[in-house]
Amino acid sequence: MRALSIALLLIAAGQALAAAAKPPAPPRIEQRQPTGEERASFDDYYRQKMLAESKGARVVQPLFAPEFDIERQRGKPWQVIARVDSAPRHSAVDLCRQIRSSFIYDAKAPRDARWSDSAQPPSWHVWLAQPKTICTAAPHTVLMDQALPPEDVVALLRQYPELLSRARLLLAGNSRCIRQRALPFTLRAIEPAPPAAGASVMFNLVFESDRDTTVRVAVRKHRGDYAAWNVNCD
C-alpha cells in the first residue's frame, strides 16, 4: 500500500512538473469590422490629407477602398489600422508597382485628430508588367524591399518557380524543414540578404505555405545567375 501511495505521489509530481514546463497558450486575438464612425472618420481624414498634399491641384480619389485591420488581445484596447493602395504604375520597364500606406486610429484623440500616419513606412507591392500594356491591379503582388535593384526583382519574379523547385531539395535535407518540402507555396516578399557563400549579392525569397508556415530561400547571385543556396523555416 505504501509503495502504491509513493508511486501515485511520484506520478502527481511528474504531472505537476509537466504542467509547469508547458508554455502558456498564446493570447487570444479578437478581430472585427470597422464601425460606421471609423469609416466616415477615415474618409474625411484621407480627403483632407489629399487636399493638403495637392496644394490646390485637382484631387484624384484613390482607385481602391481602404482596407481595415482591426484586432486586439482580449481585455485590451482595439488597434485600428487603415491601409490604402496607390494606383498601379510602372516602376521599371518590366515591373508594375503599388504603394501601400498605413494609418492608425486613436479613439481617445479629438475627433479631428484621431487618424495619423502609421509608424510602419509605406510598402511597395510589385508584379511583372505585360509587354506594351498599362499596369492594372493584379490579384497577387509581392512585397519588395525598396533598396533592391528593379532588374534583380524582375529576374527573381521570373525565375522563382525554378528557384523554389531547387529549394525543395534543400528543404528535404534540413531537419527543421523536411515536413514542408511538398507543401504548396506562394511568394510573398523579396528581401536583401547579407553576403554569404562567397557572393557579395544575396536575396531572400519569402514563401508562405497553405499550412501558415514561412520559408525563406536564400538566393545567391553570381555573374547574373541566380541559385537557391539555403533555406530557413518558421
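Residues numbered from 1 in each chain as written. Predicted model: local features only at pLDDT ≥ 70, side-chain atom pairs only at ≥ 80, totals over all residues. Heavy atoms only, no water.

Caption draft 1: Quick peek at the state of the cysteines. Enumeration over the complete set of coordinates arrives at two disulfides. Two residues, Cys 177 and Cys 233, share a disulfide whose sulfurs are 1.9 Å apart. Judged by the sign of its S-S torsion, about 125 degrees, the bond between Cys 177 and Cys 233 is right-handed. Taken as a pair, Cys 177 in the loop between α3 (150–172) and β9 (185–193) and Cys 233 in strand β12 (residues 225–233) lie far apart in primary sequence, 56 residues in all. The pair Cys 177 / Cys 233 is uniform in exposure class, with both members buried. (Disulfide = S-S within 2.5 Å. Helix = DSSP H or I, 4+ residues; strand = E, 2+ residues; numbered from the N terminus. Buried < 20%, exposed > 50% of the residue type's maximum accessible area, 1.4 Å probe, protein only.)

Caption draft 2: Region of interest: the nonpolar core. Ranked by size, the top nonpolar core spans 31 residues in total, and within it Val 153, Leu 156, Leu 157, Ile 190, Leu 205, Val 217 and Val 219 carry the most contacts. Where this core is concerned, the elements lending two or more residues are β7 (123–128), β8 (142–144), α3, β9, β10 (201–209), β11 (214–222) and β12. Sorting elements by how many residues they give to this core places α3 first, with ten residues. Among the domains, domain 1 (32–50 + 58–129) and domain 2 (150–233) are the pair contributing at least three residues each to this core. When near neighbours in sequence (up to four residues on either side) are disregarded, Val 219 contacts Leu 156, Leu 163, Val 201, Met 202, Phe 203, Leu 205, Tyr 226 and Ala 227. One finds Phe 42, Ala 82, Val 84 and Tyr 105 within the second-largest nonpolar core, a separate group that totals twelve residues. (Core = buried A, V, L, I, M, F, W, Y, C linked by side-chain atoms within 4.5 Å. Domains from an automatic or database assignment. Contact = heavy atoms within 4.5 Å.)

Caption draft 3: Quick peek at the packing of aromatic side chains. Following the criterion strictly, the structure yields twelve aromatic pairs and no others. Here Tyr 105 and Trp 115 contribute two aromatic rings whose centre-to-centre distance is 4.9 Å and whose plane-to-plane angle is 55 degrees, an arrangement assigned as tilted. Taken together, the residues Tyr 105 in strand β5 (residues 95–105) and Trp 115 in strand β6 (residues 115–117) connect sequence positions ten residues apart. Taking relative accessible area as the criterion, Tyr 105 reaches 11% and is therefore assigned buried. Note that Arg 32 overlies the ring of Trp 78, its terminal NZ or CZ placed 4.8 Å from the centroid. The ring of Trp 124 has Arg 97 lying over it, and the distance from NZ or CZ to the ring centre is 4.3 Å. (Phe/Tyr/Trp six-rings, centres within 6.5 Å; stacked < 30°, edge-to-face > 60°. Lys NZ or Arg CZ within 6 Å of the ring centre and 35° of its normal.)

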